[in-house]
Amino acid sequence: MFYPGHMRVHVADHPLITHKLTVLRDENTPSPVFRQLTEELVTLLAYEATRSVRVSEITIRTPVTTTTGVRISEPRPLVVPILRAGLGMLDGMVKLLPTAEVGFLGMARNEETLEPTTYAERLPVDLSDRQCFVLDPMLATGGSLGAAIDFLFARGAQDVTAICILGAPEGVEAIQKQVGDRDVTLVLGALDERLNEKGYIVPGLGDAGDRLYGTV
Ligand code: PRP
Ligand code: URA
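Here the structure is a predicted model, which means the values were calculated and not measured.

About the thresholds
Residue numbers restart at each chain and count upward from 1, following the sequence in its written direction. Chain A is the first chain written and ligand 1 is the first ligand written, with later ones labelled in order. Only residues with pLDDT of 70 or above have their local features reported here, since the model is predicted, and side-chain atom pairs are shown and tallied only from 80 upward, although totals for entire chains, interfaces and linings are computed over all residues. Hydrogens are left out, water is left out, and the side-chain values use all remaining heavy atoms of the structure. Throughout, the term near means that a residue has one or more heavy atoms lying within 4 Å of the molecule or strand in question. Polar contacts here mean pairs of N or O atoms no more than 3.5 Å apart (in protein, one a potential hydrogen donor and the other a potential acceptor; neighbouring residues in sequence count only if both atoms are side-chain atoms). Here the accessible surface of atoms and residues is derived via Shrake-Rupley with a 1.4 Å probe, and residues count as covered only by protein chains that are part of the display. Definitions used throughout: a 1 Å grid over protein atoms alone; a cavity as a set of points that fits a 1.4 Å probe which cannot get out; a pocket as an open set with protein on both sides within 12 Å along at least five of seven lines; a lining residue as one with an atom within 4 Å of a point. Cavity and pocket membership follows a simple rule, namely that a molecule belongs there if more than half of its atoms are within 2 Å of the grid points. Polar here means any residue outside two lists: the nonpolar Ala, Val, Leu, Ile, Met, Phe, Trp, Tyr, Cys and Pro, and the charged Asp, Glu, Lys and Arg; Gly therefore counts as polar. Per the convention used, a helix needs a DSSP run of H or I reaching at least four residues, while a strand needs a run of E reaching at least two, with both numbered from the N terminus. The buried label goes to any residue with under 20% of its type's maximum accessible area, the exposed label to any with over 50%, and the partly exposed label to all in between, with areas taken from a 1.4 Å probe on protein chains only.

J.: Can you lay out the site of ligand 2 for me, pointing to particular residues and giving the numbers?
T.: Residues in close proximity to ligand 2 include Arg109, Met138, Ala140, Gly199, Tyr200, Ile201, Gly206, Asp207 and Ala208, which together make up its full environment. A distance of 2.8 Å is found between an oxygen atom of ligand 2 and a backbone nitrogen or oxygen belonging to Ile201. The backbone of Gly206 places a nitrogen or oxygen atom 2.8 Å from a nitrogen atom of ligand 2. In isolation ligand 2 exposes 240 Å². Once the protein is present, 89% of that is buried. Judged by its atoms lying within 2 Å of the grid points, ligand 2 is housed in the largest pocket. Of the residues contributing to the shell around ligand 2, the split by class is five nonpolar, two polar and two charged.

Here you go:
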């Protein structure tokens, strides 16, 4: 699928990711396994998502000689899980990016109107020059992720990379339209077929929050 505009869309294409996704989708997979797999998948997707993380050159001494290398630049990247389901992705992400700062956004989708509401926000006030990594397992209509992206740019974020386990074409298109020429990258474990009449991703994996944490 071709999406014009500035946004980059990367859909994983790796047998290990597809294998783990298959188990994740299976309705018989219990919460503990679902949580473990989500964490593993995020670490694999984060490898791609952090490809453009800013680094600065440094000089170090090995036991043998002096050489140059890199370290992650200041200001440090900001990782933003979208509660509730995005929390299941946090450990897998910080494993790969241990020096990142973490901020939180709480959003719930009204299951009738499919409109998101923001019920919690704990982010640095000023995000100038920050690279932000948003974590949300499901990109369905794109309402939640779109609101999160707007929020971060309104605070001054330099660029936003969203990591989603599954995306629907409808959601990718909605985000594409919304972001315009802002610097946004989308990294997906898989691009699924469509949304059903209830706004669920097909074939999908059901309600990610419920499968991670049980029904609230
Ligand atoms: C789910 C999911 C996304 C959102 C996707 O969260 O984790 O945040 O729905 O749907 P959208 O693309 O149509 O906005 P939900 O609102 O169910 O909250 P939860 O994480 O607390 O379960
Ligand atoms: N949110 C979910 O958890 N699953 C979907 O399929 C769509 C939105």
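Having put the structure on the table, let's press on.
J.: Let's hear about unusual backbone geometry: which residues, and what values?
T.: Between Glu74 and the following residue, Pro75, the backbone shows a cis peptide bond with an omega angle of -5°. If you trace the backbone, Pro75 turns up in the loop between strand S3 (66-72) and strand S4 (78-83). The linkage connecting Leu83 with the following residue, Arg84, adopts the cis geometry, with an omega of 0°. Tracing the backbone shows Arg84 in the loop between S4 and helix H3 (90-96). At Asp129, a residue that is not glycine, the phi angle is positive and equals roughly 65°. The class of Asp129 is partly exposed, set by a relative accessible area of 47%.

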